[in-house]
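Chain residues, written in single-letter form:
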Amino acid sequence: MSQTQTDPRPPSEEQADLSTSDGLVARVRLILSRRTEGRAVALLMVVWVFTLLFEPLVWTSYEVTLGRIALVGLVALGLTAVILMGELDLAVASTLAVSGVIMASFDSLAVGVLAALATGLIVGAVNAFFVVVVGINSFIATLGMLFFLRGAAFVISGEAPVRIADVDAGIAFGQPVIGPLTPRMLLFIVAFVALYIFLSHVRVGREFYAVGGNRQAARDAGIPVVRRVFTGFMISGFISALAGVINTLERTAADPTAGSTVLLASFAAAIIGGVLLNGGRGSVFGTLIGASALGMLQVALTLSGVQVDVQNIVIGSVLLLAVITDPSSLRAAAVTARGLFRSRSERQPTG
Amino acid sequence: MRTRRLTGLVGLLTAGALFLAACGDDGSNDTTTDANEDAAGEDAAGDDGADGGADDGAEDAEEAGADPDDAEFMVYALLPQGNDQPYGTTYLPPMEEAAAELGISLTITNSQYDADTQASDCEVAVAAQPDGIILWPAVGDTVRPCLQAANDAGIPVTVTNSDVNPEDEELTRGYSGPDTYGQGAASAELMCEFADGEDIGIIMINGLTGNSTAINRENGFEDTIDEQCSNVEILARQPGNWNADESQIAASEMITAVGAANIQGVYAADDTMVAGAIDALRARDIDPADLIITSIGNTFLGNPLVIDGSLDGKVFQSSSWDGENAVTLMHEVLTQDPGERIVRFMPDVKVTIDNAEDPDVEPEW
Amino acid sequence: MTPKTASGTRTLPPAAQVEQELETRAFKLSEWMAQQGIFLFTAVLVLFAVVFIDGFASLPNLTDVFNRAAPIGIVAAGMTFVVISGNYLDLSVVAQVATAAVVLIAVTNAVGLVPAILFAIAIALVYGIVNGIAVGVFKANAVIVTLSTTFIGLGLLRWLTGGSIYFGESDGPIRTFGTTRIGPLPLAMILFIVVTVLLSLVLTRTNFGFMVRAYGSNREATRLAGVNTPLVVIGAFTMSALGAMLGGFVLAAFSNTAVSSMSDGYDFRALAAIIVGGTSVFGGRGSVMRTLLGVVFVSVLTNIMVLSGLGFGFQQMAIGLLIVLAVSVDALARKTRAA
């Protein structure tokens, strides 16, 4: 705006050009104002500057950084699908552990992988069943599953790590296949692209937003809410199981205690990425940026030898900042502050 | 629009301040530490409680001991615990001290027993191309890919605290630390010795479920009991999660389950838990001196119990020996390039009332 | 404070409305089912245990059940305020319990008992206010807010204390508190019951408790009624923080030790007890007494499993099943009533 007004010498010839660029600016602004990834991008920028200045190794050994992002981000992608519908899935980490253990208990790797992925789908379906058929809050249903599946992982594994049958295949799985990309990163990219297309270009996926925004309205508009919720939880369960399979293969063993940091890190990635916990707002793109920022931050802090307690303080602070600087949070705070001033000024004349 | 842009800016600046402050901590001098605290305090409004604990702050003068500039070697230490566990707390300072003396610049990570985090830390370490990697496996079965990667990159790996599986030994240059299986076994030998051929029933309190050390000690104890004294029968077992309080309740409940009259002994996988178990006995007016009780560890709780006769015997484990030797072993590998794998077990000193006051079994935490 | 009288007259009708709504709710079938549900479950379970489990009905064993229940129960009783105010849970109790335990023992050893307690109270207030402001003023989601304060709080605790384990003096006041019995009952058990009754009275008999319940059942109406809703939320989180602090004291006194990892899992375990007791995570419905029952129920169940020699895995599975079962009964009852 100010650009066009203060510029004193716009020749008529360039006028059109400028107005289109102005239109472009406006359009970019419009797009930006609709996007929810702003804070994630800001954070990522800060991390970029920080790492370029202090830990360039984060960039030069980019394949390591990519690996960490894929580790932090994969489960978060599936979780995003559920959160967009205004539901929660607390069982992701336990699903990851139990599917890994199930996979390792089979002698055949292929059968094990299929069984593990099927487990993920079943867990998702069971979660969804309790949420939409029985009518329990997803927070509680998946809390129950969190305990149940963790216990199941211990029971199935005999409370100890289980090595997979073919250790060499596992080690081979951890090696790069295309350029520096390992299967983990490729699967992460595939999962991201698939979910991105699904949620932004496929009708079924776009309806997730409607389900999360206003469920009654979605129902009235003829959206089969029950089926959408099932789809969402099954995506989350499947991706958690996929992460369990990848982890188990790469480590050559399944650990029933696995995933202790997964649940909280995934939530952090999604929230920093601008996904609204009440549903209806956010994108997997935001989650990707959130996971990238977190992953790079972790690698950089690890490289600089910052102890994990301080890392946690940093990550906790970033997370707290991310939630209270959410536009709706700031608006709420502004309303409260205004209310405070108003009541004060009201009181003054009377008192 | 405006609030949004403002938000972005403020967020950016604050986040930037936070990161810079956090990174400044590396320098480990007082001013940067304060800056960090302030920055974190800004929005935590000082969960300052912690400040109170600062009276101990002086003793954990942590962070890399040596200045990287005059350090001879750069070494990554991939640990699964640190200041979040008491053992790690007493393990780290001797480790850092030894590193400073030997001219080793240490970068320490803590995966909090998450195998996936440790694997990722390992990738980071390999990418940093250090002179060596010290590994304390979070989950023993999962470290082979990490060892393979380090080997492919030509980085020597030594293992500390709990050894890798036998088939993975070829990928490592040495091990120093306790023989966790052997500790369970030694504690069982004590139990057998005290039982002296009599038929007795005991209860067993194990560490955190699924934890490698817990599993190894349990197996070591049980196998040795089976081999050497089948007159000792394990009547019940529960995890005590390395905690005194959980161990106390679990022990008490097991006493209920099998009946106090049937129990003549207690084994707990560490000192803290055995203290809980002894409290449980006392709460039921059972004199712990009448029972055969054995454990493992080096805490301030353990030795007094041995001296007052409640704890009959334990296997001493020194966290400072462990931390120090992790570094000296790595230094040896780096400077002398020994041909074969060095294995340096922490001496399994059995502590009984006869030697409980000896300086070499002095408790450390 | 000052505006309370001014707004009180102005807003009586909506407030009365909220009260009425609460009252009618209290007598509905679902409420009855849920309330009786946990009573029934507990009664059946205890009966089962008395008949089939040897040694269950002995005094030492019941003491164990309550020793298991006391610290987590006090934490859960405080957290009930957060749940009833419609804010899901307070994850940061993990950090708060550990901090309170470490402060109690470390500061008592260094300075004395009274400064330790005062210091712990100050920390609890900071937690309550920080969480409360982020959730109440900024309307941020409680799960994420308390998740981040957990990270910050535990990080600070471990960083500043160096993660050491602290032992109380073997004949100090903390030890005395941990081992004292009144008659056959340990002091911690009595404290647990006293705290629960007190918190229950706060929730049911005070203005503040009424506002918490009103806010949890209908935020907008409560706000329109002139209630200072941010203060209500801050109050709820402060109650949770004080409960966590007392829970930390009991935990530390019980074993006379404190270490920053001793409260692992307290967040979801406390929530599980609250939910099994029948308090709704939607807010509004529930009581501290139910939380007491929920805690006792979970402790009895764990006790039975340990007595039967079942391992940790089965215990976790049972707790998981129980949560889903307890809430399913409630949900299905509501559905049938609606239909």
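Details of the structure are given in the entry above.
Residues numbered from 1 in each chain as written. Chains lettered and ligands numbered in written order. Predicted model: local features only at pLDDT ≥ 70, side-chain atom pairs only at ≥ 80, totals over all residues.

(A) Geometry of the overall build of chain A. Along its length, chain A carries 17 helices and two strands. When each of the 351 residues of chain A is scored for burial, the buried share is 57%. A fraction of 78% describes how many contacts in chain A between residues 6 or more apart in sequence connect residues 24 or more apart. (Helix = DSSP H or I, 4+ residues; strand = E, 2+ residues; numbered from the N terminus. Buried ≥ 20, exposed ≤ 12 C-beta atoms within 10 Å, placed from the backbone. Contact = placed C-beta atoms within 7 Å.)

(B) Focus on the overall build of chain C. The number of helices and strands found in chain C is 15 helices and four strands. In chain C, once contacts between residues fewer than 6 apart in sequence are set aside, the share between residues at least 24 apart is 80%.

(C) Local environment of the interface of chain C and chain B. Contacts between the two partners involve 46 residues from chain C and, on the opposite side, 44 residues from chain B. Secondary-structure elements contributing two or more residues to the side of chain C that touches chain B are helix 4 (59–84), helix 5 (93–110), helix 6 (113–137), helix 7 (142–161), helix 12 (229–255) and helix 14 (288–307) of chain C. Broken down by element, the residue count for the side of chain C that touches chain B peaks at nine residues, all from helix 7 of chain C. By residue class, the composition of the side of chain C that touches chain B is 26 nonpolar, 17 polar and three charged. (Nonpolar A, V, L, I, M, F, W, Y, C, P; charged D, E, K, R; others polar.)

(D) Region of interest: the environment of Phe-238 of chain A. Residues and elements named next belong to chain A. In this fold, Phe-238 is placed in helix 13 (residues 225–251). For Phe-238, a count of 23 C-beta atoms within 10 Å puts it in the buried group. Those residues in contact with Phe-238 that sit more than four places away from it in its chain are Gly-78, Leu-117, Gly-120, Leu-121 and Gly-124.

(E) Quick look at the sheet that holds strand 9 (residues 292–296) of chain B. Residue and element names in this part refer to chain B. Pairing within the open sheet is mixed, and its six strands lie in the order 7-6-8-9-10-12. Strands with a single pairing partner mark the edges of an open sheet, and in this sheet they are strand 7 (232–239) and strand 12 (350–351). Where strand 9 meets strand 10 (residues 313–315), three bridges bridge the pair, whose relative direction is parallel. Following the sheet pairing, Thr-294 is matched in strand 10 by Gly-313. In this fold helix 9 (residues 244–258) packs onto strand 6 (200–206), strand 7 and strand 8 (265–268), with an angle of close to 150 degrees to the strand it touches most, strand 6. (Pairing = 2+ DSSP bridges. Axes fitted to C-alpha atoms, helices over the stretch in contact; angles between N-to-C directions.)

(F) Quick look at the packing of helix 5 (residues 62–84) of chain A against helix 10 (residues 183–201) of chain A. Residues and elements named next belong to chain A. Running from N to C, helix 5 and helix 10 cross one another at 30 degrees; their axes reach a closest spacing of 9 Å. On the basis of the axis angle, helix 5 is roughly parallel to helix 10. You can see that helix 5 and helix 10 cross each other, and the crossing is left-handed. Two secondary-structure elements touch here, helix 5 through Leu-66, Gly-67, Ala-70, Gly-73, Leu-74, Leu-77 and Ala-81 and helix 10 through Arg-184, Met-185, Phe-188, Ala-191, Phe-192, Leu-195 and Leu-199. (Parallel < 35°, antiparallel > 145°, perpendicular 65-115°, else oblique. Left-handed = near helix turned anticlockwise from the far one by under 90°.)

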